[in-house]
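# A closer look at the structure
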Amino acid sequence: MKSFFSYRVPAWILMFMFLSFVIFYFLGRSQALHSEANKAFSMVKYIKEVNEEVFLNIGIQEVETQTNNTKIPWTNIGVPLTEKKALIILNYDAKLGIKNSVKVKSIGIKSYNIEIPRYEVIGISLDTKKPYELYDSTGELLSSSTADIDTGKLVTQSLTDEQQKKYLKQYSSQIDDSAKNYYKSLFKSVDSKIKLTFTFER
């Protein structure tokens, strides 16, 4: 035992062991902090009972273009040859229907009027295989100082409900037909002799 403690270890080995310990310690700390920084948290903001019916799904392919350029300080004038352009192609479904309950009014023996509320955009779902693609991204000769285009933001802006409301008017007759077929099938399953009329809130 005495000879074991009297054994001399070169200083460079001790220094190597100490440095290795320090390096592995900080690497471990770094990995721990990195993994903790990548954690995600979610919170339910609200739960709401809804009475939605989708009458029409529209498959849409939309081309969106945005340009940026460097401005002359304190003006809105673009500097020549500093333009950057991005062109993206979106593929998604717009779901159109109602978010409020219909009103059913008896107007005779086995006759009812269905009052359908104003149509709304129920939701939007991106294509599962190819939601969007950056079709083109170019920059002019002096565009290195121009801010890059945020394509994620461009996609988000294009997929708002407000952007899809134009389809409510464009396809209103198809939505009407789909709504009629839906409620006719629903009531006919109860009694095949029931007659329906429809009114639509515009």
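Quick look at the structure, then. (Residues numbered from 1 in each chain as written. Predicted model: local features only at pLDDT ≥ 70, side-chain atom pairs only at ≥ 80, totals over all residues. Heavy atoms only, no water.)

### Structural notes on the nonpolar core
Soluble, globular proteins show a tendency: their nonpolar side chains are buried together. Heads up, the rule is: For the purposes of this section, nonpolar cores are sets of buried Ala, Val, Leu, Ile, Met, Phe, Trp, Tyr and Cys residues that join through side-chain atoms within 4.5 Å. Per-residue accessibility, obtained with a 1.4 Å probe over protein chains only, is compared with the maximum for each type, and a residue is labelled buried under 20%, exposed over 50%, and partly exposed between these values. Helix and strand labels come from DSSP, where a helix needs a run of H or I of at least four residues and a strand needs a run of E of at least two; each type is numbered from the N terminus. Contacts were defined at the residue level, with two residues in contact if any of their heavy atoms lie within 4.5 Å.
Grouped together as the largest cluster of nonpolar side chains are 26 residues, with contacts concentrated most on Phe 55, Leu 96, Ile 114, Ile 116, Tyr 119, Ile 175 and Tyr 183. If you list the elements that add at least two residues to this core, you get strand S1 (53–68), strand S2 (84–98), strand S4 (111–116), helix H3 (151–158), helix H5 (166–170), helix H6 (172–188) and strand S7 (195–200). Looking at which element gives the most residues to this core, the answer is S2, with six residues. If near-sequence neighbours (up to four positions away) are discounted, Phe 55 is found in contact with Leu 96, Gly 97, Ile 98, Tyr 119, Ile 175, Ser 178, Ala 179, Tyr 182 and Tyr 183.

### Describing the pattern of salt bridges
Stated precisely, the cut-off is as follows: Every case where a carboxyl oxygen of Asp or Glu lies within 4 Å of a side-chain nitrogen of Lys or Arg is listed as a salt bridge.
This structure, assessed with the given rule, holds five salt bridges. Among the salt bridges present, the one from Glu 133 reaches Lys 130, with a minimum N-O distance of 3.6 Å.

### So, the environment of Leu 126
In this fold, Leu 126 is placed in strand S5 (residues 120–126). Judged by its relative accessible area of 39%, Leu 126 falls in the partly exposed class. Counting along the chain gives 66 residues from Leu 126 to Ile 60, while the straight-line C-alpha distance between them is 9.6 Å.

### Points about the packing of aromatic side chains
In plain terms, the rule: Stacked, tilted and edge-to-face are the three classes applied to pairs of Phe, Tyr and Trp rings, where Trp contributes its six-membered ring and a pair requires centres within 6.5 Å; stacked means planes under 30 degrees apart, edge-to-face means over 60, and tilted covers the rest.
Going through the model one piece at a time under the given rule, you end up with eight aromatic pairs. Ring centres 4.8 Å apart and planes at 85° place the aromatic pair Tyr 182 and Tyr 183 in the edge-to-face group. Exposure remark for Tyr 182: the relative accessible area of 33% places this residue in the partly exposed category. According to the relative accessible area criterion, Tyr 183 is buried, its value standing at 6%. Geometrically, the ring pair formed by Phe 198 and Phe 200 is stacked, given 6.4 Å between the ring centres and 15° between the ring planes. Put simply, the rings of Phe 55, Tyr 119, Tyr 182, Tyr 183, Phe 198 and Phe 200 pair up and form one aromatic cluster.

### Looking at the pairing of S4
The condition is simple: We call two strands paired when DSSP finds no fewer than two bridges between them.
Alignment of strand S3 (residues 103–108) against S4, held across five bridges, turns out to be antiparallel. The residue bridging Lys 103 from the neighbouring strand is Glu 115, located in S4. The turn joining S3 and S4, which pair antiparallel and follow one another in sequence, is formed by two residues; a positive phi near 55° is taken by Lys 110. Relative to S7, S4 runs parallel, the two sharing six bridges. Pairing of Ser 111 across the sheet is with Lys 195, part of S7.

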